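As a plain string of letters, each chain reads:
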Amino acid sequence: MLDLMTANAAAAKAAMLARVEVIAAYPITPQTSISEKLAEMCANNELRAKYIKVESEHSAMAALIGASFIGARTFTATSSQGLALMHEMLFWAAGARRPIVMPVVSRALGPPWNIWTDHMDVMGERDTGWLQFFCENNQETLDMILMAYRIAEDRDIMLPAMVIEDGFILSHTFEKVDVPAIEEVDFYLHPFNPDVKVNLNKPRRYGSLVMPDWAMEFRYNNALAMERAKKKVVEAGTAFKKAFGRDYGGLLEEYRCEDAEVALVIVGSAAGTAKVSADRMRERGKKVGVLKLRAFRPFPSDELLAVGKRVGTIGVFDRSYTYGQGGAIFGEVRNALFPLAGQVRTKGYIGGLGGRDVTENDFEKIFEDLLAISSGGKAGKEIEWVALKDGSLRW
Amino acid sequence: METYRDLPQSTYTLQTTESVRTGTWRTLRPVIDQSKCVRCYACWKFCPDLSIEVHEEGDYPKVDYDHCKGCGICSNECPKQAIQMVREESVCSI
């Protein structure tokens, strides 16, 4: 059924459609309206879930780890400082192989205090062992949460998943969303039934101590599960297309890249803006394309390498910064393209930090820059800050 | 178990933490003086390790020395100063 809703409303609706059984959440801007909406659904008996009011995000995650061990489908949502406070428990959830699904409504970390979108919060958690999926719009937010449960709860995976929606740009902006019927979702997403469950009559210790002689092998199994997830993301997407008709294209979506001279790697809501810019450039005969990373963990290295063999110049737009290194995605894209070193030219762009608007004109300038590099021009700076007030007239 | 393939997905043990005798970590031992104890059970309430036992209402509290780590919270909280922390070597003979 078509409806008009924010990405936060879509995320809450997805949780309801997935029939989540335990929710533990703590409010933080811009996530709050997800947990508020779910509290309302529970109070009105639209959703028969246990809603645990907790004193912090750290506690929210701890509560869900326990609930997941009982065999419940679990859900929470957070942003920014709240995600950072969860940090320790994020490792716990992944290490204990609990398939918790959590929208992260991306927001800058202060100071300077700032409630608007950027991906510094998410990138700070990239090594916790969670699957990380970025969403371009409100529809994808709803759909990705459903897909995330299917991927995360697969017996071969059993890893937690973050579904990332950009603060305010998606979280508080109304868009048209096609909401599937719950019966259709039941067909796509079966009840969670893990092999190991807490049995109160047979108390055990969970997540218990492992000595140095075996701890590394547990890590290796987590690494293998993350690798296997690459295939499962594609499978979940194919099944989703079959069930609901919407196709998202696996780990990496190629937009007008088939004959592209240059392409821009990007995540989240800004991908939509970049696509509009690419369309405009195409109208002027410029062969540009967009590579939308849907999954950041697992990272689609093979898919990027395949594109690199066709597209000679690849730019990367990061809405985050890794101090002393550059853009988080830029570093990983170059790593993936290393077998083509010398053949593929790359450049990193940092932009949109702290909610700075990234416009179609910004992307057109980025594409022009990449085209100049492609036709033999110098890259100039290896990493450039987009629309930075540095006194120049470049942007 | 020979390889990583033989491992369960996540760790769990077949026993509860009761099988771990954390009392061996203790350097200070709480000793309850029943002549001062008023059985308010503040020690039982505050013990973070469930190591003060009260089986029936009205009983004097008893320390579970197999699990008490000797943190001293009970001694600190006791309103009648009925719990003294005593160095282990003064009560153990080697």
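Residues numbered from 1 in each chain as written. Chains lettered and ligands numbered in written order. Predicted model: local features only at pLDDT ≥ 70, side-chain atom pairs only at ≥ 80, totals over all residues. Heavy atoms only, no water.

**Quick word on the overall build of chain B**
Moving on, step 1. Of the regular secondary structure elements, chain B holds 3 helices and 5 strands.
Moving on, step 2. Moving toward the C terminus, one meets the helices and strands of chain B in the order β-β-α-β-β-α-β-α.
Moving on, step 3. Computed over its C-alpha atoms, the radius of gyration of chain B comes to 18 Å, more than 25% above the 12 Å expected for a compact globule of 94 residues.
Moving on, step 4. Considered along the principal axes of its C-alpha atoms, chain B spans approximately 60 × 35 × 20 Å.
Moving on, step 5. A separation threshold of at least 6 residues defines the contact pool for chain B, and within that pool the share at least 24 residues apart is 63%.
Moving on, step 6. Entry remark: accessible area of chain B is about 6600 Å², with carbon and sulfur atoms responsible for 50%.
Moving on, step 7. For chain B, the separation between the mean place of its 11 positive charges and that of its 14 negative charges on side chains is 6 Å. (Helix = DSSP H or I, 4+ residues; strand = E, 2+ residues; numbered from the N terminus. Rg over C-alpha atoms; globule rule 2.2 N^0.38 Å. Contact = heavy atoms within 4.5 Å. Areas by Shrake-Rupley, 256 points an atom, 1.4 Å probe, with all protein chains shown as cover. Lys, Arg positive; Asp, Glu negative; His and termini not counted. Charge placed at Lys NZ, Arg CZ, Asp CG, Glu CD.)

**Section: the domain arrangement of chain A**
Residues and elements named next belong to chain A.
Moving on, step 1. Segmenting chain A into domains produces domain 1 (2–244) and domain 2 (252–385).
Moving on, step 2. Each of domain 1 and domain 2 has a C-alpha centre, and these two points are 28 Å apart.
Moving on, step 3. Each partner contributes residues to the interface: domain 1 has 26 residues there, and domain 2 has 28 residues.
Moving on, step 4. Carbon and sulfur atoms supply 56% of the area buried between domain 1 and domain 2, which totals about 2200 Å² over both sides.
Moving on, step 5. Our enumeration of links across domain 1 and domain 2 arrives at 5 salt bridges.
Moving on, step 6. Between E332 and R126 there is a salt bridge, with the nearest N and O atoms lying 3.4 Å from each other. (Domains from an automatic or database assignment. Buried area = accessible area lost by both parts, 1.4 Å probe. Salt bridge = Lys/Arg side-chain N within 4 Å of Asp/Glu carboxyl O.)

**Quick look at the nonpolar core**
The nonpolar side chains of a soluble globular protein tend to be buried, and buried together.
Residue and element names in this part refer to chain A.
Moving on, step 1. Ranked by size, the top nonpolar core spans 56 residues in total, and within it L38 and L131 carry the most contacts.
Moving on, step 2. With 9 residues, the single largest contributor to this core is helix α6 (residues 138–152).
Moving on, step 3. Contact partners of L131, with chain neighbours within four places excluded, come to I151, A152, I157, L159, P160, A161, M162, M226, A229, R297 and P298.
Moving on, step 4. Counting 53 residues, the second largest nonpolar core, distinct from the first, contains L64, M89, I164 and Y206. (Core = buried A, V, L, I, M, F, W, Y, C linked by side-chain atoms within 4.5 Å. Buried < 20%, exposed > 50% of the residue type's maximum accessible area, 1.4 Å probe, protein only.)

**As for the interface of chain A and chain B**
Moving on, step 1. Each partner contributes residues to the interface: chain A has 21 residues there, and chain B has 17 residues.
Moving on, step 2. Overall, the association of chain A and chain B removes approximately 1700 Å² of surface from exposure, summing both partners, and the carbon and sulfur fraction of that is 60%.
Moving on, step 3. Counting the surface chain A buries against chain B, the share from its top three residues, A:R205, A:W214 and A:F218, is 41%.
Moving on, step 4. Seen at the junction of chain A and chain B, the total is 0 salt bridges.
Moving on, step 5. Those elements that provide at least two residues to the side of chain A that touches chain B are β9 (205–206) and α8 (212–244) of chain A.
Moving on, step 6. Looking at the side of chain A that touches chain B, the element that brings in the most residues is α8(A), giving 6 residues.
Moving on, step 7. Residue classes in the side of chain A that touches chain B are distributed as 12 nonpolar, 4 polar and 5 charged. (Nonpolar A, V, L, I, M, F, W, Y, C, P; charged D, E, K, R; others polar.)

**Section: the confidence of the model for chain B**
Moving on, step 1. With 97% of its residues at a pLDDT of 70 or more, chain B has an overall mean of 93.
Moving on, step 2. Both scores are given for the predicted complex: the pTM is 0.93, the ipTM 0.84. (pLDDT = per-residue confidence, 0-100.)

**Details of empty space enclosed by the protein**
Residues and elements named next belong to chain B.
Moving on, step 1. All chains considered together, the criterion is met by 3 cavities of 30 Å³ or more.
Moving on, step 2. The volume enclosed by the largest cavity comes to roughly 120 Å³.
Moving on, step 3. Surrounding the largest cavity, 14 residues form its lining, C47, P48, C68, C71 and C74 being those nearest its centre.
Moving on, step 4. Taken together, the residues of the lining of the largest cavity break down into 9 nonpolar, 3 polar and 2 charged.
Moving on, step 5. Approximately 100 Å³ is the volume attributed to the second largest cavity.
Moving on, step 6. Lining the second largest cavity are 14 residues; nearest its centre among them are C37, C40, C43, C78 and I83.
Moving on, step 7. Residue classes in the lining of the second largest cavity are distributed as 12 nonpolar, no polar and 2 charged. (1 Å grid on protein atoms, 1.4 Å probe; cavity = no way out; pocket = protein on both sides within 12 Å on 5 of 7 lines; lining within 4 Å. Points joined across faces, edges and corners; volume = space filled by probe spheres on them.)

**Description of the environment of A:D156**
Residues and elements named next belong to chain A.
Moving on, step 1. Structurally, D156 can be placed in the loop between α6 and β7 (161–166).
Moving on, step 2. The exposure class assigned to D156 is partly exposed, which follows from its relative accessible area of 38%.
Moving on, step 3. Spatially, the C-alpha atom of D156 lies 35 Å from that of Y323, the residues being 167 residues apart in sequence.
Moving on, step 4. For D156, the contacting residues outside a window of four places in its chain are R97, A225, R228 and K232.

**Re the layout of surface pockets**
Residues and elements named next belong to chain A.
Moving on, step 1. By volume, the largest pocket is sized at about 740 Å³.
Moving on, step 2. Forming the walls of the largest pocket are 31 residues, and the residues nearest its centre are F91, A94, G95, R219 and N222.
Moving on, step 3. Elements represented by at least two residues in the lining of the largest pocket include exactly α4 (80–95) and α8.
Moving on, step 4. Counting residues per element, the lining of the largest pocket draws most heavily on α8, at 9 residues.

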